[in-house]
Amino acid sequence: MKVLGFESSCDETGVALIEVPERGAPKLLGQALHSQIAMHQAYGGVVPELASRDHIRRVLPLTREVLDQAGVALNEIDVIAYTQGPGLAGALLVGAGVAVSLAAALGRPTLGIHHLEGHLLSPFLSADAPEFPFVALLVSGGHTQLMRVDEVGAYEILGETIDDAAGEAFDKSAKLLGLPYPGGPHLARLAEQGDATQFDLPRPLLHSGKPDFSFAGLKTAVLTQVKKLGDAPSEQQRADLAAATQAAIVEVLVKKSLLALKQTGLKRLVVAGGVGANSLLRQQLNTACAKRQLRVHYPELSLCTDNGAMIAMAAALRLQRGMADLQPAGGFEVRPRWALDAI
């Protein structure tokens, strides 16, 4: 069985094709991705209308590219999956519309996938795939959650952010430091030149005894330090503040992940989402987990951001387990707001 997956929830257009065997791991046959970063940089953030229009331009050429990579004809596809939510409504409609239209033309069923479930299951595309059950640290864009994952579709939220997510803390702090969009990767690069001990920044809820997060106070503290530095801070001061900001975010993520593992008694951690590509986070999680004889798994770096492969993989794993709510091609809806534990 072959599954074609579409991702268009925000500012990346992703298409991927996965083969689903009766037994064993699904195999990625081809994927293609277009990022809209360059287009949105001029505006300092994602412009929803521009994002939707760009998805329209990109999705069909990317589909042809994936099929050519895989050497698969269009009529060999068995199921078409797409991101149903959450995300930008207009952007979701593009991917869903193309998926359902293509399915109708081919006489194939469709499967709507939760965007965060795609991130959550993306490490199964890695050579070092995890085993169930595990604790998942989901850190993507506006989401920071710790979840107990017992199987595909069996998710229990252990803790989540009560205000800003870790990705937002990275991006908003980067903007305060005058760094371009998207701020998180730029802040991480600047932090490599800095000394994190030069600024004392808060770690909200670090000692609360609960696996919940809060990063709004950290953002406010960064703003206070930026104002103290004045209009012309030195490059070293900016690097030091970037390093201190990153250190604060990473420490909270690591400590809360360890707390969730301890409270559940599980020995395996999966990290998914864009912030999961942060090298300091990976380094500190690897060290902390090795010290406690815990396993930690990540998706490949190229699969940390939004992509079609994670949507196709989530669909493949549901199909293998007989959990796919396949729909005949026809009407469809998108769900811009959709809680992961509600699927």
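Since we're looking at a predicted model, the values are computed, not measured.

### Overview of the pattern of salt bridges
In step 1: A full pass over the atoms with the stated rule returns 14 salt bridges.
In step 2: Residues Arg-53 and Glu-49 are paired through a salt bridge, measuring 2.9 Å at the closest nitrogen-oxygen approach. Note that Arg-53 and Glu-49 are positioned in helix H2 (residues 48-70) at a spacing of 4 residues, about one turn of the helix.
In step 3: For Asp-150, the salt bridge goes to Arg-148, with nearest N and O atoms at 3.0 Å.
In step 4: Beyond isolated ion pairs, a larger network of salt bridges with shared partners links Asp-54, Arg-57 and Arg-58.

### Some remarks on the sheet that holds strand E4 (residues 79-85)
In step 1: Judged by pairing direction, the sheet is mixed, and its 6 strands sit side by side in the order E3-E2-E1-E4-E5-E11 without closing on themselves. Each edge of the open sheet carries a strand with a single partner, namely strand E3 (27-35) and strand E11 (327-328).
In step 2: Relative to E3, strand E2 (residues 12-19) runs antiparallel, the two sharing 8 bridges. Residue pairing for E3: Ile-18 is matched across the bridge by Leu-28.
In step 3: Its contacts with the sheet place helix H3 (residues 89-106) against strand E1 (2-7), E4 and strand E5 (109-114), and it is angled at close to 160° to E4.

### Some details on the UniProt feature "domain: Gcp-like" (unreviewed entry) in the protein chain
In step 1: Taking the UniProt record as the reference, the feature "domain: Gcp-like" (unreviewed entry) is found at residues 28-312.
In step 2: Between the C-alpha atoms that bound residues 28-312 the distance is 9 Å, and the span itself is 47% helix and 18% strand.

### Thoughts on the UniProt feature "binding site: Fe cation" (unreviewed entry) in the protein chain
In step 1: In the numbering used here, UniProt assigns the "binding site: Fe cation" (unreviewed entry) feature to His-115, His-119 and Asp-306. Considering the C-alpha atoms alone, the annotated residues occupy 192 residues of sequence yet fold into one spot, their largest mutual distance being 8.5 Å.
In step 2: Mapped onto the fold, His-115 is located in helix H4 (residues 115-121).
In step 3: Residues within four places of His-115 in sequence aside, it is in contact with Glu-7, Ser-9, Thr-83, Gly-85, Pro-86, Asp-306, Met-310 and Ile-311.
In step 4: Turning to its location among the elements, His-119 is positioned in helix H4.
In step 5: Relative accessible area serves as the criterion here: at 0%, His-119 is assigned to the buried category.
In step 6: Filtering out sequence-adjacent residues up to four positions away, His-119 remains in contact with Leu-138, Ser-140, Ala-272, Gly-273, Cys-304, Thr-305, Asp-306 and Met-310.

### Some words on the pairing of strand E9 (residues 268-272)
In step 1: Most of E9 is tucked away: 5 of the 5 residues are buried.
In step 2: Alternating residues of E9 divide into Arg-268, Val-270 and Ala-272 and Leu-269 and Val-271, and every residue in both groups is buried.
In step 3: Across 4 bridges, the pairing between strand E6 (residues 134-140) and E9 is parallel. What sits directly across from Val-135, in E9, is Leu-269.

### Focus: the side chain of Thr-13
In step 1: Within the secondary structure, Thr-13 is located in strand E2.
In step 2: A relative accessible area of 1% places Thr-13 in the buried class.
In step 3: Of note is the side chain of Thr-13, whose polar atom sits 2.6 Å from the side chain of His-55.
In step 4: Once residues lying within four places of it in the same chain are set aside, the contact partners of Thr-13 are Glu-7, Ala-32, Leu-33, His-34, Gln-36, His-55, Arg-58, Val-59 and Leu-62.

### Observations concerning the packing of aromatic side chains
In step 1: One pass over the full model with this rule turns up 4 aromatic pairs.
In step 2: For the pair Phe-124 and Phe-134, a centre-to-centre distance of 6.3 Å together with 45° between the ring planes defines the contact as tilted. Placement of Phe-124 in the loop between H4 and E6 and of Phe-134 in strand E6 is noted, with a sequence separation of 10 residues between them. The exposure classification of Phe-124 matches that of Phe-134, with both residues buried.

Parameters and conventions
Residues numbered from 1 in each chain as written. Predicted model: local features only at pLDDT ≥ 70, side-chain atom pairs only at ≥ 80, totals over all residues. Heavy atoms only, no water. Salt bridge = Lys/Arg side-chain N within 4 Å of Asp/Glu carboxyl O. Helix = DSSP H or I, 4+ residues; strand = E, 2+ residues; numbered from the N terminus. Pairing = 2+ DSSP bridges. Contact = heavy atoms within 4.5 Å. Axes fitted to C-alpha atoms, helices over the stretch in contact; angles between N-to-C directions. UniProt positions renumbered as here; feature names shortened; annotations may be inferred. Buried < 20%, exposed > 50% of the residue type's maximum accessible area, 1.4 Å probe, protein only. Polar contact = N/O pair within 3.5 Å; in protein donor to acceptor, adjacent residues only side chain to side chain. Phe/Tyr/Trp six-rings, centres within 6.5 Å; stacked < 30°, edge-to-face > 60°.

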